[in-house]
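# Structural overview for review
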Amino acid sequence: MIKKINFRDQVKEVLLKRMRSGNLDPKKSLSLASLARELDVSVTPIREALTQLQTSGIVESIPNRGFFIPKLSKGEAKNLYELVSSIESLAVMHSTFEEQDIAKLKELNETFKHTDTIIQRINGDMDFHDTLTSNYDNPIALKILSDLKTRIFFYELDFMSTESFYLDSSSDHEQIIAQIEAGDLERACVVLKKNWLNILDHLNL
């Protein structure tokens, strides 16, 4: 149950967390009535939250059928990954990394390497990239990144089951960290873009 304040925003956060945890079936509609009963709120904030997510491209509304998570497509994947790689690179180039930041990135990559499930792998990878850009002083860009990565989550489900790519991704993380440690942010961004864009060759769409 959620507190009865800022209903729309709270509902939106609940839905985003469920998407990131793999608890929403992309093939089923998001039932306003069942969500309202479960969260103990009216249908209105549910609809408002879903409408916001629709604006961000995370859900879609199909007339007379309801809200759904959109189907995956190669065209959307290309647009999403190119945009995320560009925004993250911009964030890294305009960030300052202290020793504790680098230590945290190393810790997160070790966690990522030892994950057991696909969901853990995806969220471990997301945690690494979120920390990589967390020092960027541009909340608008970070909000856009957050929305884009929520949609990307459903593409990640496809390729994170590929063991070889999973290992390659952790190696990319290590190279990014090494370049940041060396003070070569430009080179770090080259590896960062490669890390994101290589994914496109592994999607089974």
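Check the entry above for the structure.
A brief look at the structure comes next.

### Thoughts on the packing of aromatic side chains
For the coordinates displayed, the defined rule picks out 3 aromatic pairs. Seen from their ring centres, Tyr-81 and Tyr-155 are 6.5 Å apart, and the 85 degrees between their planes marks the pair as edge-to-face. Of this pair, Tyr-81 sits in helix α4 (residues 74-93) while Tyr-155 is found in helix α7 (residues 139-159), placing the two residues 74 residues apart along the sequence. Ring geometry for Phe-153 against Phe-154: centres 5.4 Å apart, planes inclined by 90 degrees, an arrangement best described as edge-to-face. In this pair, the class of Phe-153 matches that of Phe-154, namely buried.

### Notes on the packing of helix α2 (residues 32-39) against helix α3 (residues 43-55)
Running from N to C, α2 and α3 cross one another at 115 degrees; their axes reach a closest spacing of 9 Å. The interaxial crossing formed by α2 with α3 has right-handed handedness. Every residue of α3 that contacts α2 at Leu-32, Leu-35, Ala-36 and Leu-39 is listed here: Val-43, Ile-46, Arg-47 and Leu-50. Residues of the contact of α2 with α3, tallied by class, amount to 7 nonpolar, no polar and 1 charged.

### Re the side chain of Arg-151
One can find Arg-151 in helix α7. A residue is classified by how much of its surface remains accessible, and Arg-151, at 1% relative accessible area, is buried. A distance of 2.9 Å separates the side chain of Arg-151 from the side chain of Glu-76, its partner in a polar contact. Sequence-distant contacts of Arg-151, that is, excluding residues within four places in its chain, are made with Gly-57, Ile-69, Pro-70, Lys-71, Leu-72, Glu-76 and Leu-80.

### Some thoughts on the nonpolar core
Counting residues in hydrophobic clusters, the biggest one holds 54 residues, and the most contacted among them are Ile-46, Leu-50, Leu-53, Tyr-81, Leu-132 and Ile-180. Once residues lying within four places of it in the same chain are set aside, the contact partners of Leu-132 are Glu-88, Val-92, Phe-97, Leu-105, Ile-176, Ile-180 and Leu-192.

### Considering the side chain of Ser-170
Considering the arrangement of structural elements, one finds Ser-170 in helix α8 (residues 163-181). The buried category is assigned to Ser-170, whose relative accessible area is 7%. With sequence-adjacent residues up to four places away left out, Ser-170 is seen in contact with Asn-109, Phe-112 and Lys-113.

Reading guide: rules and limits
- Residues numbered from 1 in each chain as written.
- Predicted model: local features only at pLDDT ≥ 70, side-chain atom pairs only at ≥ 80, totals over all residues.
- Heavy atoms only, no water.
- Phe/Tyr/Trp six-rings, centres within 6.5 Å; stacked < 30°, edge-to-face > 60°.
- Helix = DSSP H or I, 4+ residues; strand = E, 2+ residues; numbered from the N terminus.
- Buried < 20%, exposed > 50% of the residue type's maximum accessible area, 1.4 Å probe, protein only.
- Axes fitted to C-alpha atoms, helices over the stretch in contact; angles between N-to-C directions.
- Left-handed = near helix turned anticlockwise from the far one by under 90°.
- Contact = heavy atoms within 4.5 Å.
- Nonpolar A, V, L, I, M, F, W, Y, C, P; charged D, E, K, R; others polar.
- Polar contact = N/O pair within 3.5 Å; in protein donor to acceptor, adjacent residues only side chain to side chain.
- Core = buried A, V, L, I, M, F, W, Y, C linked by side-chain atoms within 4.5 Å.

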